Amino acid sequence: MKWKVLESEYLHKEPWLTIRKDKCEMPDGTVIPSFYVQEYPEWVNALGLTKEGQVVMVKQYRHGLKEISIEVPGGVAEKGETMEEAVKREFKEETGYEFKEWKYLGKICANPSTTNNYVHMFLATGGEKLHEIKLDDAEDVETILLDLGDVKNLVKENKIIQSLHVNCILYALLHLKEATL
């Protein structure tokens, strides 16, 4: 069922957007002259619970939709980092929080048809604010603390629009036995 890549060409290569055009042959011999793939590094995110049981979330402007979004902290894994190292770093930079325990919840792909990466999801517990935030130049993030019930309601009411973050929340709720399938 896998396609054979006959040719590959990079059309655009920037840190936040790399586009590749592949010429592919399907198992039945059909040739697809132009199939476009967006290449990204691995992403990480986590639902973090403080020692008091509050959920550490972030609120930030998302220019693609031109909306302010409530999300779980996360970001890009840097070269050489494990996914756990990356999520700990991202959480610390965006919120100033560190956590006693980290549980890997799994990985998903935003769009396996046209992207080449995964987002790795975690549940962090026993959190405490120990640092000032250190944001990248293009980040403007506000840390917010919510009760778990409020986060569940935001998901139910479709008020968390970042689908990869909703997935992380749902996997964390399943692990915490706050949701069932």
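Above this text sits the structure in question.
Quick look at the structure, then.

Criteria and cut-off values
- Residues numbered from 1 in each chain as written.
- Predicted model: local features only at pLDDT ≥ 70, side-chain atom pairs only at ≥ 80, totals over all residues.
- Heavy atoms only, no water.
- Helix = DSSP H or I, 4+ residues; strand = E, 2+ residues; numbered from the N terminus.
- Contact = heavy atoms within 4.5 Å.
- Pairing = 2+ DSSP bridges.
- Salt bridge = Lys/Arg side-chain N within 4 Å of Asp/Glu carboxyl O.
- Buried < 20%, exposed > 50% of the residue type's maximum accessible area, 1.4 Å probe, protein only.

Here's the deal with the environment of Leu145
Along the chain, Leu145 falls in strand S11 (residues 141-146). Taking the C-alpha atoms as reference points, Leu145 and Gly53, separated by 92 residues in sequence, lie 9.7 Å from one another. Filtering out sequence-adjacent residues up to four positions away, Leu145 remains in contact with Thr50, Gln54, Val55, Val56 and Tyr97.

Looking at the pairing of strand S3 (residues 31-39)
Bridge analysis of strand S2 (residues 17-25) against S3 gives seven bridges, and the strand direction is antiparallel. Bridging from a neighbouring strand, Lys21 pairs with Tyr36 of S3. Remark: five residues form the turn of the hairpin made by S2 and S3, two consecutive strands paired antiparallel; Gly29 in that turn has positive phi of roughly 95 degrees.

Details of the pattern of salt bridges
Tallied over the full model, the rule gives 11 salt bridges. Here Arg89 makes a salt bridge to Glu78, at a shortest N to O gap of 3.7 Å. Placement of Arg89 in helix H1 (residues 83-95) and of Glu78 in the loop between strand S7 (74-76) and H1 is noted, with a sequence separation of 11 residues between them. Using a relative accessible area of 15% as the deciding quantity, one classes Arg89 as buried. When the shortest N-O distance is used, the salt bridge between Glu178 and Lys152 registers 3.1 Å. Of this pair, Glu178 sits in the segment after helix H3 (163-175) while Lys152 sits in helix H2 (residues 148-156), and the two are 26 residues apart along the sequence. A single salt-bridge network, built from bridges that share partners, covers Glu78, Glu81, Arg89, Glu90 and Glu93.

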